[in-house]
Amino acid sequence: MVRKKLPDVVISGILVLTALFILSPVLIVCIRSFTNGLDAYIDFFVWKPAYLNAMCNSLLIALGSALGTIVVSVPAAYLFAKIPFRGRGFLFYLYIIVMMMPFSVTLLPQYIVSREIGLYDTLLSLILPGIFSPFAVFLLTQMMKSIPDELLEAARMETDSDIILMRYILVPMVRPGIICASVLVFSEYWNAVSEPLVLMESEAVYPLSVMLNVLSDGDILGFAATVLFCLAPMFLFSYFETEIMEGLGDYRLK
Amino acid sequence: MKRYVSLIGFFLFLCMIFLFQICGTQIRDFLSPKVVCEDPGWGIYDNSVYMVIPLRWMTENENGYTVFTAVPTDAYPETAYAAKEVTFKASYVTEDFAYVDDPSLGASGKIIIFSDRPLVDGQRICIQKSNST
């Protein structure tokens, strides 16, 4: 029996309608933000400095976490993947356990520690946990484990320095994973709402993700702030799309 | 092409954010109405002390007289003033002056006697010259 196939036009139409349905909240926000022309955007940049300051805080927190995570997670992943030492497996499983914990479990200890060491109500109370993200270490460790040890042994004939091996052999090979991990950390801390509410108190250090909750319903400034809030991760994902797909997908050595 | 557009867009976005954050005070001063403020004088009329305000500083309407005053505002990170519209009734009016016994006017701050553009209540202003008695 020959199964009848829907015409391509019908399938395309269904897909377009579905896509419009999914994109409709974004389109509504964009269109509403231009209700009064560019007034809402001018308000955001000029006349409402609290929201511009919140945007700067968001950028500092997310970029600081993303860039710091590269510096910390690459050596840590190299250590777990390529340098045998006693307790390596146990320590790595601890990383996985911490990674699997819901954030609400670690939020109270973070609050207590940030209070004790004087980081409460500062940007560092969010940046430092972001830098030491276990997810980035886990992702890069798996990628580095896929690189054959024979490659490193051949490289050790030229140099015995682990730092040089890591920098010139491993890092170029796991570059997609590094970019993927840092972009995901950026996205996680760009959208953070609960952690800033717990670890911060004053409006001067709140990121924009928290300040958007302060805006009232129907406030055109809120729509403009939302559009601007979406731009940074959109640009990053657009630029690093290939690396993110590679980092999350097939990371076998080619 | 998409990567170049994304990179340039992100770079421009960052530059705009930090430019407006760093130079926000100067930009707001440039865009705000430039005003000149004066303190009202005091005088005695009919054995009572009144605030004396020249009529040319005020506009008259059905509710009385209206002036704009410069009041400090904490809506901005810098020290800034906003225009506040105050409506009051004058106790006595002469040819050039109004004698006012309204306590709300005295607490409102300096009176704006000149502005380079029409003012709106609550609008940020840039004080060019202010005389204090």
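Structure shown above.
Residues numbered from 1 in each chain as written. Chains lettered and ligands numbered in written order. Predicted model: local features only at pLDDT ≥ 70, side-chain atom pairs only at ≥ 80, totals over all residues. Heavy atoms only, no water.

**Considering the overall build of chain A**
Logical step 1: In terms of helices and strands, chain A carries 14 helices and zero strands.
Logical step 2: Scanning chain A from its N terminus toward the C terminus, one meets helices and strands in the order α-α-α-α-α-α-α-α-α-α-α-α-α-α.
Logical step 3: Relative to the 2.2 N^0.38 estimate, which gives 18 Å for 254 residues, the radius of gyration of chain A is 23 Å and therefore markedly larger than a compact globule would have.
Logical step 4: Overall, chain A is about 70 × 65 × 35 Å in size when its C-alpha atoms are taken along their principal axes.
Logical step 5: Scored against the burial criterion, the 254 residues of chain A give a buried share of 40%.
Logical step 6: Contacts in chain A between residues at least 24 apart in sequence constitute 77% of all its contacts with a sequence separation of at least 6. (Helix = DSSP H or I, 4+ residues; strand = E, 2+ residues; numbered from the N terminus. Rg over C-alpha atoms; globule rule 2.2 N^0.38 Å. Buried < 20%, exposed > 50% of the residue type's maximum accessible area, 1.4 Å probe, protein only. Contact = heavy atoms within 4.5 Å.)

**Some thoughts on a nonpolar patch on the surface**
All names here are of chain A.
Logical step 1: Side chains of Leu79, Phe85, Phe90, Leu91, Leu94, Ile97, Met101 and Val105 sit close together on the surface and give an oily, nonpolar patch of about 690 Å² of accessible area.
Logical step 2: Among the elements that make up the nonpolar patch, the one with the highest residue count is helix 4 (residues 88-100) (four residues).
Logical step 3: Position of Leu94 relative to the elements: it lies in helix 4. (Patch = residues over 30% accessible without salt bridge, like charges linked within 9 Å, V, L, I, M, F, W, Y side chains within 5 Å. Areas by Shrake-Rupley, 256 points an atom, 1.4 Å probe, with all protein chains shown as cover. Salt bridge = Lys/Arg side-chain N within 4 Å of Asp/Glu carboxyl O.)

**A closer look at the interface of chain A and chain B**
Logical step 1: Tallying the contact residues gives 20 residues for chain A and 21 residues for chain B.
Logical step 2: Of the roughly 2000 Å² buried at the junction of chain A and chain B (both faces included), carbon and sulfur atoms supply 73%.
Logical step 3: For Glu243(A), the salt bridge is made with Arg3(B), and the minimal N-O distance between the two is 3.4 Å.
Logical step 4: Along the lines of polarity and charge, the residues of the side of chain A that touches chain B split into 15 nonpolar, three polar and two charged. (Buried area = accessible area lost by both parts, 1.4 Å probe. Nonpolar A, V, L, I, M, F, W, Y, C, P; charged D, E, K, R; others polar.)

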